[in-house]
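Each chain, letter by letter, is given below.
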Amino acid sequence: MPVTWDELDRVQPDSFALPRADAEGAVGDGGGDDALSPIVRLARPDPLLELATRGQDPAPFLQAVERAFADSRLELVTFDRFRD
């Protein structure tokens, strides 16, 4: 069900009521023309599909993860279950 990026911080996950998707006209219960309605949401374009059509450069994300890992001073040690 399409969720816009600005909704991630303000919409509770249990606000989506797929079992009541056919409950026409009931504002706030996931039916009708309510903004949280599955009927309305499914009619909107999928924001992830839109992102997939554009090329994404993963390098900035990978660099940020590498910096965060280095700053954490954690060490990943290879585990060998057959060692003595």
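Residues numbered from 1 in each chain as written. Predicted model: local features only at pLDDT ≥ 70, side-chain atom pairs only at ≥ 80, totals over all residues. Heavy atoms only, no water.

1. Details of the overall build of the chain
Looking only at helices and strands, one finds three helices and zero strands in the chain. Along its sequence from the N terminus, the chain presents helices and strands in the succession α-α-α. A total of 84 residues make up the chain; the buried ones form 14% of that total. Of the contacts formed within the chain by residues at least 6 apart in sequence, a portion of 36% connects residues at least 24 apart. As presented, the chain carries roughly 7,200 Å² of accessible surface, and 58% of it is formed by carbon and sulfur atoms. (Helix = DSSP H or I, 4+ residues; strand = E, 2+ residues; numbered from the N terminus. Buried < 20%, exposed > 50% of the residue type's maximum accessible area, 1.4 Å probe, protein only. Contact = heavy atoms within 4.5 Å. Areas by Shrake-Rupley, 256 points an atom, 1.4 Å probe, with all protein chains shown as cover.)

2. What about unusual backbone geometry?
A positive phi angle, near 60 degrees, is found at Arg 73, a position not held by glycine. Along the polypeptide, Arg 73 turns up in the segment after helix H3 (59-72).

3. Some details on a nonpolar patch on the surface
Where nonpolar side chains cluster on the molecular surface, the patch consists of Trp 5, Leu 8 and Leu 48 and spans about 360 Å² of accessible area. As for its position among the elements, Leu 8 is in the segment before helix H1 (38-43). (Patch = residues over 30% accessible without salt bridge, like charges linked within 9 Å, V, L, I, M, F, W, Y side chains within 5 Å. Salt bridge = Lys/Arg side-chain N within 4 Å of Asp/Glu carboxyl O.)

4. A short note on the environment of Leu 51
The topology assignment puts Leu 51 in helix H2 (residues 47-53). A relative accessible area of 24% places Leu 51 in the partly exposed class. If sequence neighbours within four positions are ignored, Leu 51 has contacts with Trp 5 and Gln 56.

5. Some details on H3
Residues separated by three or four positions in an α-helix point in the same direction, a consequence of the helix having 3.6 residues per turn. When the terminal C-alpha atoms of H3 are compared, their 20 Å separation across 14 residues agrees well with the 20 Å that a helix rising 1.5 Å per residue should span. Looking one or two residues past H3, Arg 73 carries a phi angle of roughly 60 degrees, positive in sign. (Expected span 1.5 Å × (residues − 1).)

6. Topic: the confidence of the model for the chain
Note: predicted coordinates in regions of low pLDDT should not be interpreted at a detailed level. Here the chain averages 74 in pLDDT, and 67% of its residues register 70 or above. Put simply, H1 is where the chain has its lowest mean pLDDT, 73, and H3 is where it has its highest, 96. (pLDDT = per-residue confidence, 0-100.)

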